[in-house]
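Now for the letters of each chain:
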Amino acid sequence: MQTVLITGGAGFIGSHLAERLLREGLRVRVLDNLDPFYAVGMKRANLAEVAAAGPDRFEFLEGDLRDPAACRRAVAGCDAVVHLAALAGVRPSIEEPARYWDVNLVGTQVLLQQIEGRDAALVFGSSSSVYGGNRKVPFAEDDPVDRPISPYAATKRAGELLCHAWHHLRGNPVTCLRFFTVYGPRQRPEMAIHQFARLITDGAELPFFGDGSSRRDYTYVDDVIAGVRAALARRAEFAIYNLGGAATTSLAELVQHLERELGRPAKLRRLPDQPGDVPVTFADVGRAARDLGYRCSTVLAQGLARFCAWYQRSKREGRVP
Ligand SMILES: NC(=O)c1ccc[n+]([C@@H]2O[C@H](COP(=O)([O-])OP(=O)(O)OC[C@H]3O[C@@H](n4cnc5c(N)ncnc54)[C@H](O)[C@@H]3O)[C@@H](O)[C@H]2O)c1
């Protein structure tokens, strides 16, 4: 039976992946330091749901990626590692760039060193932010990615480069997956969809940056998980894939969708564009479709309905702020 280590598995994407792999009958180990970037209670709740999917095949190690001993324990006996632990988010990275560098780069390097000598494949959670202010849409994997516009984006691109150097030297299979704004149940509370749902529900003002025309490619979490699963199965030598929704939605349209779904109007507080934010993200998923059989099967309206149902239930039960 395969054992998969998921770093950051107490978080949003990692907990969905852990659940999916346990349901398939695999062994799953999670390494996560329960970083307080957002409510630790949400992460503990995620872990409880994950454990219920396969209690006898699930192991949680509370530990820090930057600690070689914790990584050594975590990788022991693993056939594959999905590396999702990171400080995420563009705007906070502008406030604390050194901390982002430390966790996302030093942490990744420590983990890679502990995998050395094992026949484990690595999947690295990268980001659409590596495309920076790229105006050529949709973004394809061979587009230039040497102009990141936030410290977070720079750490994600540098992470891909670290992974490539490691693959070249050690030979382990590596797949870097560039996620495009992932949403769904358990989404991080500071991300736009979750934050907007909370503000609309509470009747509070919603910070609306720019003129509402900035566009994002939103990807439902189950589609991303299917892509990660396919990457694990394929064990490419070295590959980079976009995992996106392959469609764009403006900020103004997103707010309208949420207003409809939650049955309440949003109170907009109009603000100038934010530094570090890109005007558009849009994934070309042709390569992932060809090699991984990837397909974005959840359209935004459907995914938002599922997110809002989860949000409203979690709010009633006091599990989200
Ligand atoms: N959610 C998205 O839209 C999105 C988009 C692009 C890329 N990504 C990437 O995907 C990954 C997962 O994102 P997410 O949205 O699930 O974020 P998340 O914050 O919910 O999950 C990340 C997890 O990493 C853990 N972590 C942080 N620092 C750690 C450390 N030093 N040691 C061990 N664990 C640590 C956190 O406690 C958290 O549980 C991240 O690498 C992120 O950069 C996410």
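Relevant structure appears above.
The rules behind these values
- Residues numbered from 1 in each chain as written.
- Predicted model: local features only at pLDDT ≥ 70, side-chain atom pairs only at ≥ 80, totals over all residues.
- Heavy atoms only, no water.
- Near = heavy atom within 4 Å.
- Polar contact = N/O pair within 3.5 Å; in protein donor to acceptor, adjacent residues only side chain to side chain.
- Areas by Shrake-Rupley, 256 points an atom, 1.4 Å probe, with all protein chains shown as cover.
- Helix = DSSP H or I, 4+ residues; strand = E, 2+ residues; numbered from the N terminus.
- Nonpolar A, V, L, I, M, F, W, Y, C, P; charged D, E, K, R; others polar.
- Pairing = 2+ DSSP bridges.
- Axes fitted to C-alpha atoms, helices over the stretch in contact; angles between N-to-C directions.
- Contact = heavy atoms within 4.5 Å.

(A) Examining the site of the ligand more closely. Taken together, 30 residues lie near the ligand, and D32, Y38, Y152, V182 and R188 sit nearest. Contacts to the ligand include D35, whose backbone N or O atom sits 3.0 Å from an oxygen atom. One of the backbone nitrogen or oxygen atoms of V182 is found 2.7 Å away from an oxygen atom of the ligand. Considered on its own, the ligand offers 820 Å² of accessible surface; in the complex 98% of this is hidden by protein. Mapped onto the shell around the ligand, the elements with two or more residues apiece are α1 (12-23), β5 (121-127) and α6 (151-170). Sort the elements by how many residues they give to the shell around the ligand and β5 lands first, with three residues. A breakdown of the residues in the shell around the ligand according to their chemical character gives 15 nonpolar, eight polar and seven charged.

(B) The sheet that holds strand β1 (residues 3-7), seen in detail. Ordered in space as β3-β2-β1-β4-β5-β6-β11, the seven strands form an open sheet in which the pairing is parallel. Unpaired on one side and paired on the other, β3 (58-62) and β11 (238-243) mark the two borders of the sheet. Going from strand to strand, the sheet's axes swing by 15 degrees on average, the running direction of each strand aside. Judged from the four bridges that link them, strand β4 (residues 80-83) and β5 form a sheet pairing that is parallel. Its bridge partner being in β5, A80 is matched across the sheet by A121. Against the sheet, α1 makes contact with β1, β2 (27-32), β3, β4 and β6 (174-179), and its axis sits at roughly 170 degrees relative to β1, the strand it touches most.

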